[in-house]
Amino acid sequence: MSYRNFLDELKKGMPSPLYILSSADPFLHSEAVSLLKGLVPAGEREFSFEVFDVLNLNSVTFDQILDVLNTVPFFSGRKFVVIENIHKLLKKDILKLRPYFAGPSEGSVLVMLHAGPVKKDFREPGVKQIVLDVGAKELPSWLKAKAKSKGLEMPDAAVDYLIGTIGPDLGLLSSEIEKCTLIGKAVIDRKDIAEIIEGKRKYGIFDLVNAIRSRDADRVFRIYRVLRETEEPYALLGAINWQYSRLLSGKNKPEDREYLYRVFSILNSADVAIKSSGDSYPVELLLARLVRL
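Figured I'd write up the structure that's included with this text.

Quick notes on the rules
- Residues numbered from 1 in each chain as written.
- Predicted model: local features only at pLDDT ≥ 70, side-chain atom pairs only at ≥ 80, totals over all residues.
- Heavy atoms only, no water.
- Salt bridge = Lys/Arg side-chain N within 4 Å of Asp/Glu carboxyl O.
- Helix = DSSP H or I, 4+ residues; strand = E, 2+ residues; numbered from the N terminus.
- Buried < 20%, exposed > 50% of the residue type's maximum accessible area, 1.4 Å probe, protein only.
- Core = buried A, V, L, I, M, F, W, Y, C linked by side-chain atoms within 4.5 Å.
- Expected span 1.5 Å × (residues − 1).
- Arc of directions from axis to C-beta.
- Contact = heavy atoms within 4.5 Å.

Quick look at the pattern of salt bridges
Overall, the coordinates contain 14 salt bridges when judged by the stated rule. A salt bridge links K150 to E178; the nearest nitrogen and oxygen atoms lie 2.8 Å apart. You can see K150 sitting in the loop between α6 (139–149) and α7 (156–166) and its partner E178 sitting in helix α8 (residues 170–180), a full 28 residues away along the chain. The exposure class assigned to K150 is partly exposed, which follows from its relative accessible area of 36%. On the basis of relative accessible area, E178 is assigned to the partly exposed category, the value being 35%. Between K179 and E176 there is a salt bridge, with the nearest N and O atoms lying 3.2 Å from each other. One end of the pair is K179 and the other is E176, both in helix α8 and three residues apart, which spans about a single turn. Of the residues examined, K179 reaches a relative accessible area of 35% and is grouped as partly exposed. Residue classification places E176 among the buried positions, given a relative accessible area of 7%. What emerges from the salt-bridge pattern is a single network uniting D63, K92, D93 and K96.

Okay, structure coming up:
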């Protein structure tokens, strides 16, 4: 089940009593908690919405969390209990969960947040598993849904431009959507993003990729000198990768596809170099290799 399935469950009020939401991106867990909180009226959250972090339980024991789940809700609606970092739960506490999985409280919804692939300990028949991770193909629709939740409409051209400029980092994209809410327009177009989000920045990733494809080395490094003032190497690599992914998804001649495959091979090597070094040199080397293709 995907992020879209999670949104569908939200629309239905999270009807199942047991959920486990997995993701490799902490931002998606944070966003999920925020959306879940929205299901509970503000005046009832003190009694009907509880969040526990396995890594920071302080004086709370796991038995007390189970007591919270089994306590009758103070209000007429159901109680929501979120347990973060469930993958760090001790084996003895996992065993305590088994009886609850077999007979969950009708008045509570238990939502467990798990980093990465779900451990087999939580793969119980009654637990509904949803993978929150957003793939490259799902990113545009995720971004549109995010904008819609803020009362904004974003045409395809605006979505492509935003991803191409910012890259695939969901946290950064979400932050830019928040900035768009300050524009005062219901429909956000490409020009709005260029003027409001990029501010006075002269160049974007679109310009950089176009310069690379034109093999204009002087322009490539002129643009890069501007972009590196505001972009981390890994974010810049992600944005370049996104632009070339968009090109690969279109109709291409055999020689064009071969060119793009070579590009991705170089991007993969740069990814490894940036992760191991963290400085700007691998990006400069990457650009030089791409220009020479």
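Things to note about the nonpolar core
For soluble globular proteins, the rule of thumb is that nonpolar side chains tend to be buried together. Formed by 39 residues in total, the largest nonpolar core has its most connected members in F6, M14, V111, W142 and M154. Elements that contribute at least two residues to this core include exactly α1 (3–11), β1 (18–23), α2 (26–37), β3 (79–84), β4 (108–115), α6, α7 and α8. In terms of residues, this core owes the most to one element, α7, which gives six residues. In terms of nonpolar packing, the next biggest core, distinct from the first, is built from 29 residues, A211, I212, Y224 and L287 among them.

Focus on helix α5 (residues 91–102)
Because each turn of an α-helix spans 3.6 residues, side chains separated by three or four positions end up pointing in the same direction. Taking 1.5 Å as the rise per residue, α5 with twelve residues should run 16 Å; its terminal C-alpha atoms sit 17 Å apart, in good agreement. Within α5, the full set of buried residues consists of D93, I94, L97, Y100 and F101. For α5, the buried positions fall inside an angular range of 105 degrees around the axis, keeping them on one side. Those residues of α5 that are exposed and angled more than 90 degrees off the buried face are K91, P99 and A102. Looking at the buried residues of α5, the elements they touch are β1, α4 (62–70) and β4.

Everything listed here is a matter of coordinates, which is why it stays silent on function.
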